[in-house]
Amino acid sequence: MGYDLYVVTDEAIGRGRSHVELARLAVAGGADVIQLRDKTLSGRALLDTALAIREVTRDAGALFIVNDRLDVALAAGADGVHLGASDLPVEEARRIAPPGFVIGASAGSVDAAVRAAATGADYVALSPTFATGSKDDAGPGCGLATLSAVRAAVSLPLVAIGGITAANVADVIAAGADGVAVISAVVGEDNVTAAARNLRDRIAAAKAEGR
Ligand SMILES: Cc1ncc(COP(=O)(O)OP(=O)(O)O)c(N)n1
Ligand SMILES: Cc1nc(C(=O)O)sc1CCOP(=O)(O)O
Ligand SMILES: [Mg+2]
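Analysis parameters
All residue numbers here refer to positions counted from 1 along the written sequence of the relevant chain. Chains and ligands are labelled sequentially in the order written, the chains with letters from A and the ligands with numbers from 1. In keeping with the model being predicted, local features are shown solely for residues with a pLDDT of at least 70 and side-chain atom pairs are shown and tallied solely at 80 or more, while totals for entire chains, interfaces and linings include all residues. Hydrogen atoms and water are omitted, and side-chain values are computed over all heavy atoms in the structure. Whether a residue is near a molecule or strand depends on its heavy atoms: if one lies within 4 Å, it is near. We call two N or O atoms a polar contact when they sit within 3.5 Å, provided that within protein one can donate a hydrogen and the other can accept it, with sequence-adjacent residues counted only if both atoms are side-chain atoms. Here the accessible surface of atoms and residues is derived via Shrake-Rupley with a 1.4 Å probe, and residues count as covered only by protein chains that are part of the display. Amino acid classes used here: Ala, Val, Leu, Ile, Met, Phe, Trp, Tyr, Cys and Pro are nonpolar; Asp, Glu, Lys and Arg are charged; the rest, including Gly, are polar. Each pair of aromatic rings taken from Phe, Tyr and Trp, with Trp reduced to its six-membered ring, is defined by centres within 6.5 Å and is described as stacked if the planes are under 30 degrees apart, edge-to-face if over 60, and tilted in the remaining cases. Here the term donor refers to an N, O or S atom within 2.8 Å of the metal (or 3.2 Å for Na, K and Ca), and because water is left out of the atoms, sites may appear incomplete. Per the convention used, a helix needs a DSSP run of H or I reaching at least four residues, while a strand needs a run of E reaching at least two, with both numbered from the N terminus. Classification of residues uses two cut-offs on accessible area relative to the type maximum, computed with a 1.4 Å probe and protein chains only: under 20% is buried, over 50% is exposed, and between them is partly exposed. UniProt positions are given in the numbering used here, feature names are shortened, and annotations may be inferred rather than shown by experiment. For this document, the term salt bridge refers to a Lys or Arg side-chain nitrogen within 4 Å of an Asp or Glu carboxyl oxygen. In this description, strands pair whenever DSSP reports at least two bridges between them.

Another aspect to go through is the site of ligand 1. The full set close to ligand 1 counts 15 residues, and R37, K39, D68, D87 and K135 are the nearest of them. The contact in question runs from an oxygen atom of ligand 1 to an N or O atom on the side chain of R37, over 2.7 Å. Considering ligand 1 on its own, with 420 Å² of exposed area, one finds that the protein chains cover 91% of that surface. Grouping the constituent residues of the shell around ligand 1 by class yields 4 nonpolar, 6 polar and 5 charged.

Take a look at the structure:
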């Protein structure tokens, strides 16, 4: 299971399309991972959306991750959850989750990435890699040098998130990322499927170049 192209759904950026529609369009363009991220929905509404996305990702052979909400992820039969500094600690989620459940962790530094790995994360996301307008409290970008330093320090799958575009994705892969997580570059585009396919092709080309 790869993390090459990790698409985070966002209805505020998705040009009027629903989370489920965005997920369907993104997996049609080759997205390997879909994350449902919505801070506005009730638990019940988030579960209903997650159950629908679960069907889309299962049919497409993509991984399904729920942001923040371990309870909703487990109830929906999602493949995993993504946790940041203000969410459940990774080790607590690991204690509750079934074997094989994917727990992703945000990390804004090498130390945070090492801690995430030590406490049982399955992947680490360098957050944010570049400045982004898609998350209000994201802070300044960590940059490619930090990405390479995290790569050298952590053997887990490493995802870069924040300000990733078709223009910079090759540099992000060359700096050591195994994959990229995006909102605007795919979900914010008129043609989601074409944007996903273009990013995925650029990731594959950058990886081939690095071999
Ligand atoms: C793949 C991925 N990386 C980072 C984040 C950010 O998570 P977090 O720091 O918990 O912030 P919120 O997204 O919950 O606002 C993410 N969601 N996904
Ligand atoms: C969901 C999220 N988390 C981030 C973090 O830094 O933790 S940045 C981000 C949004 C990324 O959106 P875009 O691809 O449009 O920059
Ligand atoms: Mg969170």
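The subject of this paragraph is the packing of aromatic side chains. Counting across every chain of the model gives 2 aromatic pairs. One aromatic cluster is present, formed by Y3, Y6 and Y123 through successive ring pairs.

Let us look at the coordination of the magnesium ion (ligand 3). On the protein side, the magnesium ion (ligand 3) has D68 (OD) and D87 (OD) as donor atoms, found 1.9 to 2.2 Å from it. With D68 in the loop between strand 3 (63-67) and helix 3 (70-76) and D87 in the loop between strand 4 (80-83) and helix 4 (90-96), the pair connects residues that are 19 residues apart, well separated along the chain. Accessibility expressed as a relative area gives 19% for D68, which makes it buried.

Neighbouring ligand 2 are the residues R37, S127, P128, T132, S134, K135, I161, G162, G163, V182, I183 and S184. Here an oxygen atom of ligand 2 and a backbone polar atom of I183 are 2.9 Å apart. The side chain of S184 places a nitrogen or oxygen atom 2.6 Å from an oxygen atom of ligand 2. Contact with the protein chains hides 93% of the accessible area of ligand 2, taken as 430 Å² for the molecule alone.

With that settled, consider the UniProt feature "domain: Thiamine phosphate synthase/TenI" (unreviewed entry) in the protein chain. UniProt annotation of "domain: Thiamine phosphate synthase/TenI" (unreviewed entry) refers to residues 5-186 when read in the numbering used here. In this annotation, residues 5-186 is assigned 38% helix and 20% strand; the end-to-end C-alpha distance for the span is 10 Å.

Our next topic: the pattern of salt bridges. Counted by the stated rule, this structure contains 12 salt bridges. Where K39 meets D68, a salt bridge forms, and the shortest distance between an N and an O atom there is 2.5 Å. Linking K39 in the loop between strand 2 (33-36) and helix 2 (43-60) with D68 in the loop between strand 3 and helix 3, this pair joins segments that are 29 residues apart in sequence. Given the relative accessible area of 57%, K39 is considered exposed.

Where burial is concerned, most of strand 1 (residues 5-9) is hidden: 5 out of the 5 residues are buried. Because side chains alternate across strand 1, one face comprises the buried residues L5, V7 and T9, and the other comprises Y6 and V8, equally buried. Taken together, the 3 bridges between strand 1 and strand 8 (residues 179-182) define a ladder with parallel strand orientation. Residue pairing across strands places L5 opposite V180, the latter belonging to strand 8.

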